[in-house]
Structure formats: C-alpha cells, structure tokens
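# What the coordinates show
One letter stands for each residue in the lines below.
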Amino acid sequence: MSYGGMMRKFNAFRAHMKANGLIETMRLHLMMNGWYREGKVVGKDTFGNVYYEADEHPIHGRNRWVEYADKSDWDGSSVPGEWHMWLTRMTDKIPEEKSVVAGAEGEHYAWKKEHMINKGSLYGNKANYLPPSHWQRGEKEYKQDKAEAWRP
C-alpha cells in the first residue's frame, strides 16, 4: 500500500472517530474485519452450524452469517441448500431444522436426497466422483485408450 493510501485510511478513521467516538469507531472496524459480531441466533441445521442475523448492521449486506460446527476444518458445502437460500437472500423464510429433504419453500419432494458435505475433494476421497480415465483412479485405468477409431 502506498503512503497516500495509508494516509487516506488514517484520515477516514480519524474523521469517523471524531464524529462518533472511539468505542463506536472501534466497534465498526472490528465488525468490518469480521472479528466482532452481534446478532441473534436464527436457527441451527442438522450438521450443527448456527445461523445468525443482525437487525441493524453498519455494513450493508453483512447482517446474515453462519458459524460452522467444525471451526478448525469448515467447508462451505456443509451449508444445506435451504440455509444457503436464506443466507444469500433468495428467501426470507427461515428453514426448519427437521426439513432436511424439503424443497425451496419447505415442500417435501420424494426425489430430493439428503444433503451431504463434500469433504476432501483435493485429496481424492472415495465419495468424490472421478471420470473413468482420471489419473487418480489408478495406473491401469489411466493408461487405457480414451477414444476409439470410427470404423464405417
């Protein structure tokens, strides 16, 4: 960052502190960086993730968030579709905890499967899909011909 950029940020911080006071300025900057949150618990999903909402948040668009159950190894795929819709404001309806196989508006669909967390995609987990000639499937399958010549 250049010297001019640092001075602009410092002057903006100083002006905000002069107008609103030290406590409110520090609160705002802690919230902007995600180090401090204040809000009410809205719900919890089947994976143990807790969802929050703040009525008046100083930063536009940051008033809904999730705290993952496993804070050391969190994964975005651990958020079910219903909760993802709520987080991204596709809907304002709060999903129920027991509606794991529910549709967008809570209807039950027989064809919809239960949500699974996608773990270990970089490490070749057995649950991940690999195409037939993928190098991680093994030497034998990788060396096979990938195309056949057409014979009329």
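Anything mentioned here points back to the structure above.
Description of the structure in this document. (Residues numbered from 1 in each chain as written. Predicted model: local features only at pLDDT ≥ 70, side-chain atom pairs only at ≥ 80, totals over all residues. Heavy atoms only, no water.)

This part covers the overall build of the protein. Each helix and strand in the protein was counted, giving four helices and three strands. Ordered by position from the N terminus, the helices and strands of the protein form the series α-α-β-β-β-α-α. Residue burial in the protein is summarised as follows: out of 152 residues, 22% are buried. For the protein, restricting intrachain contacts to residue pairs at least 6 apart in sequence, the fraction spanning at least 24 positions comes to 33%. For the protein, the accessible area works out to roughly 12,000 Å², and carbon and sulfur atoms hold 56% of it. (Helix = DSSP H or I, 4+ residues; strand = E, 2+ residues; numbered from the N terminus. Buried < 20%, exposed > 50% of the residue type's maximum accessible area, 1.4 Å probe, protein only. Contact = heavy atoms within 4.5 Å. Areas by Shrake-Rupley, 256 points an atom, 1.4 Å probe, with all protein chains shown as cover.)

In this section: the packing of aromatic side chains. Evaluated as defined, the whole model comprises three aromatic pairs. Ring centres of Tyr51 and Trp83 lie 4.0 Å apart, and the angle between their planes is 5°; on these two criteria the pair is classed as stacked. Pair noted here: Tyr51 is in strand β2 (residues 50-53) and Trp83 is in helix α3 (residues 81-87), with a separation of 32 residues, a long-range link. The exposure class of Tyr51 is buried, given its relative accessible area of 0%. Accessibility expressed as a relative area gives 3% for Trp83, which makes it buried. Judged by centre distance (5.6 Å) and plane angle (85°), the rings of Trp83 and Trp86 are edge-to-face. Here Trp83 pairs with Trp86, and both are found in helix α3, just three residues apart, close to one helical turn. The two residues Trp83 and Trp86 agree in class, both being buried. Taken together through their ring pairs, the aromatic side chains of Tyr51, Trp83 and Trp86 make up a single cluster. (Phe/Tyr/Trp six-rings, centres within 6.5 Å; stacked < 30°, edge-to-face > 60°.)

Across all of its chains, the model carries two salt bridges by this definition. Here Glu53 ties to Arg64 by a salt bridge, and the two come within 3.2 Å at their closest N and O atoms. Of the two residues, Glu53 is situated in strand β2 and Arg64 in strand β3 (residues 64-67); the sequence distance between them amounts to 11 residues. Using a relative accessible area of 11% as the deciding quantity, one classes Arg64 as buried. (Salt bridge = Lys/Arg side-chain N within 4 Å of Asp/Glu carboxyl O.)

Our focus in this paragraph is a nonpolar patch on the surface. On the surface, Tyr3, Met6, Met7 and Phe10 cluster together to form a nonpolar patch covering roughly 430 Å² of accessible area. Residue classification places Tyr3 among the exposed residues on the basis of a relative accessible area of 61%. (Patch = residues over 30% accessible without salt bridge, like charges linked within 9 Å, V, L, I, M, F, W, Y side chains within 5 Å.)

Take the nonpolar core next. Tyr51, Val66, Tyr68, Val79, Trp83 and Trp86 together form the largest nonpolar core, which totals six residues. Beyond its immediate stretch of four places on either side in the chain, Trp86 contacts Val42, Tyr51, Tyr52, Glu53, Arg64, Thr91, Asp92, Lys93, Ile94 and Pro95. (Core = buried A, V, L, I, M, F, W, Y, C linked by side-chain atoms within 4.5 Å.)

Tracing the backbone through its elements, the reader meets Thr91 in the loop between α3 and α4 (139-142). At a separation of 3.2 Å, a polar atom in the side chain of Thr91 contacts the main-chain amide nitrogen of Lys93. (Polar contact = N/O pair within 3.5 Å; in protein donor to acceptor, adjacent residues only side chain to side chain.)

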